[in-house]
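Structural description and commentary
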Number of protein chains: 2
Amino acid sequence: MIKRITIIGAGNVATHLSTGLHKAGLTIVEIYSPDSGKSATIAEKVSSKVCNDIEKLSPDSDLYLLCIPDRFITEVSLKIPRTDGIVAHTSGITPINNIKSHKNKGVFYPLQTFSANRKIALKNIPFCIEASSEYVYDELFRTASLLSSNVKKVETEQRQYLHLAAVFVNNFVNFMYSAGKEILNDKNLSYDILLPLIEETAKKIKTVSPDKAQTGPAKRNDITTMEMHKKMLGNKIELIELYDKISNLIIKKYNE
Amino acid sequence: MIKRITIIGAGNVATHLSTGLHKAGLTIVEIYSPDSGKSATIAEKVSSKVCNDIEKLSPDSDLYLLCIPDRFITEVSLKIPRTDGIVAHTSGITPINNIKSHKNKGVFYPLQTFSANRKIALKNIPFCIEASSEYVYDELFRTASLLSSNVKKVETEQRQYLHLAAVFVNNFVNFMYSAGKEILNDKNLSYDILLPLIEETAKKIKTVSPDKAQTGPAKRNDITTMEMHKKMLGNKIELIELYDKISNLIIKKYNE
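So, here is what we can say about the structure in this document. What you see is a predicted model; the values in this text were computed from it and never measured.

1. Some remarks on the environment of Thr15 of chain A
All names here are of chain A. Within the element layout of this structure, Thr15 appears in helix α1 (residues 12–23). Classification of Thr15 by relative accessible area gives buried; the value is 18%. Along the backbone, Thr15 and Asn117 are 102 residues apart, and their C-alpha atoms lie at a distance of 9.9 Å. Apart from the residues within four sequence positions on either side, Thr15 is in contact with Ala10, Ile42 and Lys45.

Structure (structure tokens):
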């Protein structure tokens, strides 16, 4: 049973997971980061040691959780001392087998967006678990279940498609929020007035499918309004092109 | 003081506003629609009469609220019988002066997305009020305040930019949800797994500016992941182009 955990990394995912695991009663043994300042900030919250030389990590943790950029996963996994513990990454896109030279491998992917300075309840977050064996799967499942009631077995390919869909519903959605903000800022209007609409847009699709929830000038193929909107965007050529691109996809989907 | 209201139209906006105004203790006198079936459905809820000949509307209401497509506003306003009441539309994009031949004109624009069969609390919705006189403004402000605690004076041009921004944060965001759903459906994955992420994405920007909340491969200029995502989209050419377009805007915004 996983009781002792080493966290590799000191970014947003490392912060949120180590805090959650610590609160769930598990022991965070060490936090590794080349940046001792960052690891120390987390370590203080979770009563852990820090380590800035990965090859000197204690080898007797039950779980080594890699909370690092995707491209470092293979390299870093090779440097973790030989261990009987589980080595798992938290990436949406990276295959489980990018973890090298360890017997017990896993994926522990929280399908959520984490920011510094923003507390977030872990209990509803989907945790996608993949493992090199039934034993590892059971261990990771049990650990994730301490954090969340939404733990699922998800194979690499499925997880990668979840990650791709997440780019649309999180990264791209957030960019639409930025565009809305930019449009209003330029007219000295406060962004706050959009917040109830943003909230309702997200809430609505819990009960109404997004295909049915679609409204607006493109859905109605209301060319007059769309032309006016583009004119209003003035010299924001990129936003005009974006407006055109998405509107045309909506028109095509609903009017052909 | 506005006490008696005639509703012109029988769509989602008409439904939500007449229900709200009725609950607030105002009298819905008549609901006009060329489709008597639709107006009857609302009329039953709000103890109102129905009317399917606009020229026969009773002229003694205090407010005639146009809840109809933008392109009909001028034409319909011309057909409303001569009245001392206020004639107001509920459109985001239409100038107040598209209401013709009435002395007391106004705009009563709820900045929200309304769907059939989805109840929504009006109390936080921003109501944007514009009026042809101080008298009309005060009357409309007071009426909107019965529904919401978020009533604002907004001139035509500002309202049009709010409407444009709303297209980005509602219509376009919803289209991103559709894209996410399509991607998962094709892999037999349930869309529900994205709901916590969608909810957090919307909640986050109440406290974190969308510029700071941006995450993901484009933000990091992680070309490997972006190339892989596009490959995963297979023959969905339009989604690949959309992925490219938005990713490039994010890359440009955060990496140049």
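2. What about helix α4 (residues 134–147) of chain B?
Residues and elements named next belong to chain B. With 14 residues, α4 extends 20 Å between its outermost C-alpha atoms, agreeing within 8% with the 20 Å of an ideal straight helix rising 1.5 Å per residue. Taken together, the buried positions of α4 are Val136, Tyr137, Glu139, Leu140, Thr143, Ala144 and Leu147. The buried side chains of α4 occupy one side of the element, clustering within an arc of 165° when seen end-on.

3. Describing the pairing of strand β7 (residues 127–131) of chain A
Residue and element names in this part refer to chain A. Counting buried residues along β7, four of its five residues qualify, which places the element largely inside the surrounding structure. Of the strand pairs in this sheet, strand β6 (residues 104–110) and β7 are connected by five bridges, and their pairing is antiparallel. Following the sheet pairing, Gly106 is matched in β7 by Ala131. Where β7 and strand β8 (residues 151–153) come together, three bridges link them in parallel fashion. Paired with Phe127 across the strands is Val151, a residue of β8. Remark: the β7/helix α4 (residues 134–147)/β8 crossover connection has right-handed handedness.

4. Observations concerning the sheet that holds strand β3 (residues 49–51) of chain B
Residues and elements named next belong to chain B. Read from one edge to the other, the open sheet built from eight strands follows the order β3-β2-β1-β4-β5-β6-β7-β8, with strand pairing classed as mixed. Edge positions in the open sheet fall to β3 and β8 (151–153), since each of these has one partner strand only. Averaged over neighbouring strand pairs, the angle between their axes works out to 25° when direction is ignored. As defined by bridge partners, strand β1 (residues 4–8) adjoins strand β4 (residues 63–66) across four bridges and the pair is classed as parallel. Following the sheet pairing, Ile5 is matched in β4 by Leu63. Sitting on the sheet, helix α1 (residues 12–23) touches β1, β2 (27–32), β4, β6 (104–110) and β7 (127–131), and the angle it makes with β1 is about 170°.

5. What about the relation of the copies chain B and chain A?
Screw-axis analysis of chain B against chain A gives a translation of 0.0 Å along the axis, an RMSD of 0.0 Å, and a rotation angle of 180°. In symmetry terms, the pair is related by a two-fold rotation axis. Rotation axis and chain B: the residue whose C-alpha lies nearest the axis is Val173 of chain B, separated from it by 2.6 Å. Taken together, the interface assignments show that 100% of the residues at the interface of chain B recur at the interface of chain A, consistent with an identical surface on both copies.

6. Here's the deal with the environment of Pro81 of chain A
All names here are of chain A. Counting through the fold element by element, Pro81 comes out in the loop between α3 (73–79) and β5 (86–89). Distance in space between the C-alpha atoms of Pro81 and Asn150 is 32 Å, their sequence separation being 69 residues. Residues within four places of Pro81 in sequence aside, it is in contact with Ile54, Glu55, Leu57, Pro59 and His102.

7. Considering the interface of chain B and chain A
Listed as interface residues are 87 residues of chain B and, on the opposing side, 87 residues of chain A. Overall, the association of chain B and chain A removes approximately 8700 Å² of surface from exposure, summing both partners, and the carbon and sulfur fraction of that is 70%. Taken as a group, Arg118, Phe168 and Ile193 of chain B account for 8% of the area that chain B buries against chain A, more than any other trio of residues on that side. Applying the counting rule to chain B against chain A returns ten salt bridges. Here Lys206 of chain B makes a salt bridge to Glu199 of chain A, at a shortest N to O gap of 3.0 Å. For the pair chain B and chain A, the interface holds 36 residue pairs in polar contact (both at pLDDT 80 or more). If you tally residues by element for the side of chain B that touches chain A, the top one is helix α5 (residues 156–185) of chain B, at 26 residues. Of the residues in the side of chain B that touches chain A, the class split is 46 nonpolar, 22 polar and 19 charged.

8. Considering the sheet that holds strand β2 (residues 27–32) of chain A
Residue and element names in this part refer to chain A. Read across the open sheet, the eight strands follow the order β3-β2-β1-β4-β5-β6-β7-β8; overall the sheet is mixed. Each having just a single partner strand, β3 (49–51) and β8 make up the two edges of the open sheet. Going across the sheet, the axis of each strand differs from the next one's by a mean of 25°, ignoring polarity. Inspection of the sheet shows β5 paired to β6 by four bridges, in the parallel sense. Directly across from Ala88, in β6, lies its bridge partner Gly106. In the packing of helix α2 (residues 36–46) onto the sheet, contacts are made with β2 and β3, and the angle to β2 comes to roughly 175°. With respect to the sheet, α4 is in contact with β4 (63–66), β5, β6, β7 and β8, its orientation differing from that of β6 by roughly 30°.

Thresholds applied
Per-chain numbering applies: the sequence of each chain, read as written, is numbered from 1 onward. Naming scheme: in the order in which they are written, chains are lettered from A and ligands are numbered from 1. Local features in this predicted model are restricted to residues whose pLDDT is 70 or higher, and side-chain atom pairs enter the listing and the counts only when it is 80 or higher, whereas totals over whole chains, interfaces and linings include all residues. The basis for every side-chain value is the complete set of non-hydrogen atoms in the structure, without hydrogens or water. Secondary structure counts use DSSP, requiring at least four H or I residues in a row for a helix and at least two E residues in a row for a strand, with both numbered from the N terminus. Burial here depends on accessible area, computed with a 1.4 Å probe over protein chains only, as a share of the maximum for the residue type. Under 20% is buried, over 50% is exposed, and the range in between is partly exposed. Contacts: residue pairs with any heavy atoms within 4.5 Å of one another. Multiply 1.5 Å by the residue count of a helix minus one, and that product is the helix's expected span. Arc, as used here, means the arc of the directions from the helix axis to the C-beta atoms. In this scheme, strands are said to pair when DSSP sees at least two bridges between them. Viewed with both strands pointing away, a crossover whose connecting path from the first strand over the helix to the second turns clockwise is right-handed. As a rule, the C-alpha atoms of each element are fitted with a line to give its axis, helices using only the stretch in contact, and angles between N-to-C directions run from 0 to 180 degrees. Overlaid copies result from least-squares superposition on C-alpha atoms, with residues included only where pLDDT is at least 70 in both. Two parts lose some accessible area (1.4 Å probe) when they are put together, and adding that loss for both gives the buried area. Salt bridges are identified by distance alone: a Lys or Arg side-chain nitrogen within 4 Å of an Asp or Glu carboxyl oxygen. What qualifies as a polar contact is a pair of N or O atoms within 3.5 Å, subject to a donor-acceptor requirement within protein and to the restriction that residues adjacent in sequence count only when both atoms come from side chains. Residue type decides the class: Asp, Glu, Lys and Arg count as charged, Ala, Val, Leu, Ile, Met, Phe, Trp, Tyr, Cys and Pro as nonpolar, and the leftover types, Gly among them, as polar.

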